[in-house]
Amino acid sequence: MARKQQNSSSTQPRLQQTISEQVASGLAEIVPDRDRPRAWTLLIDGTPQSHVDLDDPTRLSFEYQRRFGHLADLAAAPRQPVSALHLGGGALTLARYIASTRPRSRQQVAEIDTALTELVRRALPLDRTWQLRVRGGDAREILARSPEAQADLVVADIYSGARIPAHCASVEFARLAVRALRPDGRYAVNVTDGGKLAFARAQVATLRSVFAEVALIADPTVLRGRRFGNLVLIAAQQPLPVEELTRRIATDPFPGRIEHGPRLVDFQAGAVPVPDGSAVPSPVPPPEAFNH
């Protein structure tokens, strides 16, 4: 799920029609943007999953995707190619962004729903010059088979419907991410939670048990439990660019707050790491979660 930046400019009435198709994940709908002629939102069973602007792949409209974009921008010197592994594909928004901002980057995407991938490729075509490979299969299985210490970025945006599967939210899963990363690589995960944020706190504990450095980025209203929404966790074995991330998220259309160090420990609030044996899916979003 995600909040989308609104464009206040007026445009000509849209001529495109919504594309609807049943895929393994549910009813996929690719809905035209009201403000941009070649931009589209992907929904699965009514839950917003991705937003893509074919005219400008660097335009990240969803709040959490902008957080991912900041991390990608800071992964290396500008325009320098990187190696990225995306766990969860959707409409391939972040992969398109990296391919556009970092030409010659080598990227792999794990997407279990091959019918969805075929629909996205057909309706929202990829640039054939991009070094981007989509592999059909379970994200954890593909992560486990990934080459050791080769990725600059591992990004997890794994949802079955509107929930993160339990087997992708455990200590063992996080260890697989560590294995795939270069020593100076970075891991990012999109988590959704609300209320007392028990799931997010447990995920912080889980990552802190595996990575030397962890930070959390979220809207202050989500952090206070007033709204169900996205929290982006980032982790690494080397120091994170916290100061630069803080500056960037402060100027986002939906400004965020970053928790790191002692404040992140306070946020964790005694939660403990989650092994496979006690892992649970992320909570079900409330019906009003997408009415923004």
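The rules we used
Along each chain, residues carry numbers from 1 onward, in the same order as the chain's sequence is written. With the structure being a predicted model, the display of local features is reserved for residues of pLDDT at least 70 and the display and counting of side-chain atom pairs for 80 or more, all residues being used for whole-chain, interface and lining totals. Based on all heavy atoms of the structure, the side-chain values leave hydrogens and waters out of the count. Each residue gets one of three labels from its accessible area relative to the maximum for its type: buried under 20%, exposed over 50%, partly exposed in between, using a 1.4 Å probe on protein chains only. Every helix listed is a DSSP run of H or I at least four residues long, and every strand listed is a run of E at least two residues long, numbered separately from the N terminus. DSSP-based pairing: two strands are paired if at least 2 bridges between them are found. Whenever a helix is involved, its axis is fitted only over the stretch in contact; in every case the axis is a line through C-alpha atoms, and angles between N-to-C directions fall within 0 to 180 degrees. We call Phe, Tyr and Trp rings a pair once their centres come within 6.5 Å, taking the six-membered ring for Trp, and we label the pair stacked below 30 degrees between planes, edge-to-face above 60, and tilted otherwise.

Trainee: For this particular structure, what's the right way to read helix H1 (residues 63-73)?
Mentor: Residues spaced three or four apart along an α-helix face the same direction, because each turn holds 3.6 residues. Most of H1 sits inside the fold, with nine of its 11 residues counted as buried. Taken together, the buried positions of H1 are Glu 63, Tyr 64, Gln 65, Arg 67, Phe 68, Gly 69, His 70, Leu 71 and Ala 72.

Trainee: Sorry if this is basic, but what is going on with the sheet that holds strand S1 (residues 19-23) here?
Mentor: Each strand in a sheet pairs with another by means of backbone hydrogen bonds, the pair being arranged parallel or else antiparallel. Read from one edge to the other, the open sheet built from four strands follows the order S1-S2-S3-S4, with strand pairing classed as antiparallel. Unpaired on one side and paired on the other, S1 and strand S4 (47-53) mark the two borders of the sheet. Pairwise comparison of adjacent strand axes, ignoring direction, gives a mean angle of 20° for this sheet. As paired elements, strand S2 (residues 26-32) and strand S3 (residues 39-44) share five bridges and run antiparallel to each other. For Glu 29, the partnering residue across the bridge sits in S3 and is Leu 43.

Trainee: Just checking my understanding: could you explain the packing of aromatic side chains for this structure?
Mentor: Between two aromatic rings, the relevant description is the distance of the centres plus the angle of the planes. Applying the stated criterion across every chain, the model contains two aromatic pairs. Between Tyr 64 and Phe 68, the ring centres sit 5.6 Å apart and the planes meet at 85°, which makes this aromatic pair edge-to-face. Here Tyr 64 pairs with Phe 68, and both are found in helix H1, just four residues apart, close to one helical turn. Assessed through its relative accessible area of 3%, Tyr 64 is described here as buried. On the basis of an interplanar angle of 5° and a centroid distance of 5.7 Å, the ring pair of Tyr 187 and Phe 211 is categorised as stacked.

This is a description of form; function is not addressed.
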